[in-house]
Amino acid sequence: MVNYKFVHDKERCIRCGGCFAACKQQNGVPEDISRINIVTIDEGKSGERHITMTCMHCNDPPCVRACPVKGISKREDGIVINDKDKCIGCEYCSWACPFGAPKYPDTGPAELRGIMDKCTFCVIPYEQTDEYGTSILRAPNPKCAGFCATKARLGGDASEITATYNERVAGRLVERQIGV
Amino acid sequence: MATKTNSIFGGSDIKLSRRTFTKLTALGTAAALSGINSVSAYPEGLELFEEVTAAPAAATNKVKSICSFCSVGCGYTGVVEDGVWTKMEPWEDHPINLGGMCSKGTALANVTNSPRRLRYPMEKVGGTWRKISWDAALDKVANKLNEIRDTDGPDSVFFCGLVHGSNEEAYMFRKFAMLFGTNNIDHQARICHSTTVAGLLNTFGHGAMTNTVIAMQHAKCHFFFGSNAAEAHPVFMQKVFVAKERGAKIVVADPRFTRTAAMADKFVRFRPGSDIAFLYGLINVILENGWEDTEYVENRTYGFEYVKEAVKDYTPEVVERITWVPADDIREVASIIALNKPSNIIWSMGATQHSVGSQIIRASAILQCILGNQGEWGGGCVPIRGHCNVQGVTDMCVLSHFLPGYYGVTSEGSWDWYAKCFSDTPSTSGKITFDELKARFDTLNGESMMTKIGFAVSRWYEGVLKPEAEIDQPHNIKAVVLWGEATSSVTEMKREKEAMEKVDLVVIVDPFPTSASAMPDRSDGIILLPAATRQENSGSVTTTGREWQWRDTIIPPLYESKTDMWIFQELAKKLGFGDHFDYNSIEDVTREINLAVRPIGCQGQTPERMKRQKENYHTFDPWDGRAKGGPCDGEYWGLPWPCWTTDHPGTPILYNDKAPVMEGGHDFRAKWKYPDDEPNAGEEIVRGNLPPTGDGSGTIHWTYNYAKDPTGEVNEQALAEGNPPTGRGRAMLRVANTKWVDRVPKHREPIESPEPDLVATYPTYEDKKFYRVMTEFKTEQQRSIAENRHVNYPIVLTSGRQVEHHGGSAQTRNSDYLVQLQPEMYVEINPKVANDIGVKHWDFVWVKSARGQCKVRAYVTERVNEKTAFMPYHWAGVFEGQDYKDRYPTDGVELARGDSVNIIASPGYDEQTQMQETKVALCKIEKA
Ligand code: SF4
Ligand code: SF4
Ligand code: SF4
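Residues numbered from 1 in each chain as written. Chains lettered and ligands numbered in written order. Predicted model: local features only at pLDDT ≥ 70, side-chain atom pairs only at ≥ 80, totals over all residues. Heavy atoms only, no water.

Colleague: Where do I start with the packing of aromatic side chains in this structure?
Modeller: Two aromatic rings, taken as a pair, are described by how far apart their centres are and by the angle between their planes. Residue and element names in this part refer to chain B. If you walk through the whole model with that rule in mind, you get 43 aromatic pairs over all chains. Look at Phe159 and Phe176: their rings are 5.8 Å apart centre to centre, the planes differ by 80°, and that puts the pair in the edge-to-face class. A residue pair is termed long-range when its members are at least 10 positions apart, and Phe159 in strand β7 (residues 157-161) and Phe176 in helix α6 (residues 167-180) qualify at 17 residues. You can call Phe159 buried: its relative accessible area is 2%. On the numbers, 5.4 Å between centres and 25° between planes, the contact of Phe270 with Phe278 is stacked. Of the residues examined, Phe278 reaches a relative accessible area of 0% and is grouped as buried. Put simply, the rings of Phe159, Phe173, Phe176, Phe180, Trp483, Phe568, Phe577, Phe581 and Tyr583 pair up and form one aromatic cluster. Directly above the ring of Trp91 sits Lys64, whose terminal nitrogen or CZ lies 5.6 Å from the centroid. Positioned above the aromatic ring of Tyr884 is the side chain of Arg887, whose terminal nitrogen or guanidinium carbon lies 3.7 Å from the ring centre. (Phe/Tyr/Trp six-rings, centres within 6.5 Å; stacked < 30°, edge-to-face > 60°. Helix = DSSP H or I, 4+ residues; strand = E, 2+ residues; numbered from the N terminus. Buried < 20%, exposed > 50% of the residue type's maximum accessible area, 1.4 Å probe, protein only. Lys NZ or Arg CZ within 6 Å of the ring centre and 35° of its normal.)

In structure tokens, the structure reads:
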């Protein structure tokens, strides 16, 4: 059974924006919002670090509970998706989300303005249907992680990405704690 | 490796009917609301839905290619649907980037598809832009160039640019100028790494990065000295982090607390322009503590005593006074780099763009030799080149002082060799003799201009503006051809603007109209030729680590744009030397390069081998870049030059004498003219079993005549004898060429110095005429002091890169993704400076220097200290506060425009190469 998650390695992220541009392109997200935001802590000071913020595809997603029209759901593979046909743009989900993942655009196609958009693990793009009215559903293939310049952002099955992260952190531990 | 995670996924879009989709999500929602974790009806595998696909399947084509921004050389896959480039996918097992790319790379499709592209040739007539046909445009350009050639001579045209072009296009550009009959051709390497080339070439024998990016994983210490790789070369940091996780230390010395500095174990902030003093402080401490590699120094270098003598006065305390760095910090940095080996030194423009740039590089190279790092995996000199193919274009010598492969223009022998190559190559039908080639050139005072170094891109405008008698060529420059060249990257922009207004014709060849079309205040005489982007044609490109990769066409040129090759061919026809350009394919040009470019070993990188590597990329081990088994068994990724024969694996680490040459081993060059003051240097310069044979003059050690070896026999012989064709020499810690003023580096204050009393002790050079123009060193430095600039302009201004933009940024400032990330020009100032002048974050300010002023946003940050300000250099389209948006062709107004730091930058130049001193100027900041 897969369970899709992200890991963000703050010891590698350099705020290059690769994830941002990759997501924009893959999902056609309009100008004023982004499914992935890079936040810098302590800019210009010692300890400066960059964190990428997206939907974290929570196991018990508060947004799903908050949505009054049941427009958000969690799939069996762990991915939290939203249905823009149902969304009424009330922004309750943003009250509930601990990360500020849901966004409400002012630009882009008129019928989608104010309608919630967020990271779908690249499964559903910004416009969830194509020009024939057919819904688009893609294989989970997070472009932000695939394109991450430094491999700071890992996305995929939780057991796999945590294993990758384990390997990396083990190296750091050997160096810092054990001093080998 | 991290990438495995993502490789499990397929990438195809699955479409399903609206009804099915709704049913699925509803179930999922219900499950989640009921508090049960997830019982969605979503089944394993997505194939199930394919049967309900309603839309016709698009004809999808996937092409692997190479990023055309920086020189890391990241690979990616372009997805083309029904002929439209819709998406990109990571090239997950690409040995260099493992799929990773920065924002510029991931915006490549966005840039290519930009609606602001130049769609057809245009001409400015009577103040308005008009569409013209290709035929008319080329006729106009060719007629004017021919007319100038006839009346003023070929030197009255200046060609520049092409840094993003392939090796083949660069070679064609240089050949084009050779046949036109001028050395007035230059490109951006002049203002990015010309000092690296001069410094390293005169120390080691080659002017390039001595490692590959992949090799960075092997280092035990990365010393960033003049590089902000996290912004300038993001994917380079992937390798740095791998090393860090294996215990490597990261040290960053920079005037600014950069994003790279934020990831360092140790950061020191030093004064812009005090680089040599800083490096000498380190060497002083290293020698004081006996941390040098005595055996290495003994066996592999020449001139150590001179260095010892030179550094002895640079004690940490003296260095503290010059650099503003506490003496203990200097000691600490020295200990980290000396005790964690192999360590390297990594630089970019921070080290190169100085009036002592070549000497800063020399000092860096000396440091590496003294520590014995030079030639080690992960150690050595790491000048990260800027543009995607600036290494290749440098190698193909779109430069006013070299011919392709670093054959000096001042030697007739170089021209003789090229006359032969142009005639003998099976790739073209043209024939030309040495005398015919020479006759293409003008003469001055009875001497042929063929063997005279041309103008540098940093000073070309002086060829227009200075009185004819003051420049070393027959007549002023009357036309300029900007072939993918950003005018905003050159300092003294006001003079450049004036020159662009004065010439008869400005030709701009570019995928975008660029800010150059808007800068000159003129109503006629600008022709814009729409060039294809690098994603719309193919050819080989060389990474910063000398690796040749084949860049493939993702889509054919959009609109009416044409490839550079086509434009060269058409223009050459009209100028009367088309028979030297009648190549059938770009691969034909590669083959001509394989034939001609010998000193740096370009014999092994045939189109066939490059393409074979591209097919078999997965067989290369990302740890050392070497193929283990498969069709490329034993080859290094990209066949890094020198690659002496088609059986040679490439040379990943220059000067590595531990590996056999046929396994990628190498050594320092043996060909040095003995210093006049040491005519019997002998064994001190050449080592190993190469007997000094001389060439008649009795002073040159050079056993193998590899540079003029049309059959390749010489290379074969050298390799059979176990030697690199360039011989086995020593690293020249003291420059052999007695024409260098400083044969061992010494600190000299920048042209505009904030410290007049240091100028008294460490003055700059005497004024000097070179590259056809008088250049003021001492005069300008003294003028600065006389005008009290250190008082009137109390802040040191430095410049650099933003990750989202690139070079002059004609491409990136036209990409909506990148502009969303980085929309406006700014100056970074310290909170204290901001508060003192009453400015809040993002207010407008004027940044003023003795040259002019810029109106930009204030970015209030502690990245810079109170004495320093920083501005990115990518911006143009606004000139001293005036927005030029009305001057562009209507459809081509750049999406984001900003004032250019190079309007106010220093008029300092490097004493060897005419590199501009963009990293140190004096300024003041006022509320706007
Ligand atoms: S691509 Fe990676 S390194 Fe770059 S900003 Fe995103 S998470 Fe950070
Ligand atoms: S997984 Fe896809 S949708 Fe989510 S942030 Fe990354 S790129 Fe955007
Ligand atoms: S600009 Fe450089 S680091 Fe960024 S994707 Fe392109 S090659 Fe890679």
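Colleague: How do you make sense of the packing of helix α5 (residues 134-151) of chain B against helix α24 (residues 564-575) of chain B when you look at a structure like this?
Modeller: Residue and element names in this part refer to chain B. For the pair α5 and α24, the least separation of the axes is 9 Å and the interaxial angle reads 55°. By the angle between their axes, α5 is oblique relative to α24. Here α5 runs over α24; the crossing is right-handed. From α5, Trp134, Asp135, Leu138, Asp139, Val141, Ala142, Leu145 and Asn146 reach across to α24, where they touch Trp566, Ile567, Glu570, Leu571, Lys574 and Leu575. Split by residue class, the contact of α5 with α24 holds nine nonpolar, one polar and four charged. (Axes fitted to C-alpha atoms, helices over the stretch in contact; angles between N-to-C directions. Parallel < 35°, antiparallel > 145°, perpendicular 65-115°, else oblique. Left-handed = near helix turned anticlockwise from the far one by under 90°. Contact = heavy atoms within 4.5 Å. Nonpolar A, V, L, I, M, F, W, Y, C, P; charged D, E, K, R; others polar.)

Colleague: What is the right way to read the nonpolar core from this model?
Modeller: Across soluble globular proteins, nonpolar side chains have a tendency to be buried as a group. Residues and elements named next belong to chain B. Counting 79 residues, the largest nonpolar core has Phe159 and Tyr418 as its most contacted members. Ranked by residues supplied to this core, first place goes to α6 with nine residues. Mapped onto the domain boundaries, this core takes at least three residues apiece from domain 2 (122-192 + 390-619) and domain 4 (664-744). Every residue in contact with Tyr418, bar those within four places of it in the chain, is listed here: Tyr171, Met178, Leu403, Pro404, Tyr407, Ala596 and Val597. Membership of the second largest hydrophobic core comes to 62 residues, among which are Phe223, Ala253, Phe270 and Ile330. (Core = buried A, V, L, I, M, F, W, Y, C linked by side-chain atoms within 4.5 Å. Domains from an automatic or database assignment.)

Colleague: What's the story with the packing of helix α19 (residues 412-424) of chain B against helix α25 (residues 586-596) of chain B in this structure? I'm lost.
Modeller: The axes of two packed helices give the description: the angle between them and the distance between them. Residue and element names in this part refer to chain B. Here α19 crosses α25 at 140°, and the two axes come no closer than 10 Å. Of the possible angle classes, the one that applies to α19 and α25 is oblique. As for how α19 packs across α25, the hand of that crossing is right-handed. Of the residues in α25, those in contact with Trp417, Tyr418, Cys421 and Phe422 of α19 are Glu592, Leu595 and Ala596. Here the contact of α19 with α25 is composed, by residue class, of six nonpolar, no polar and one charged.

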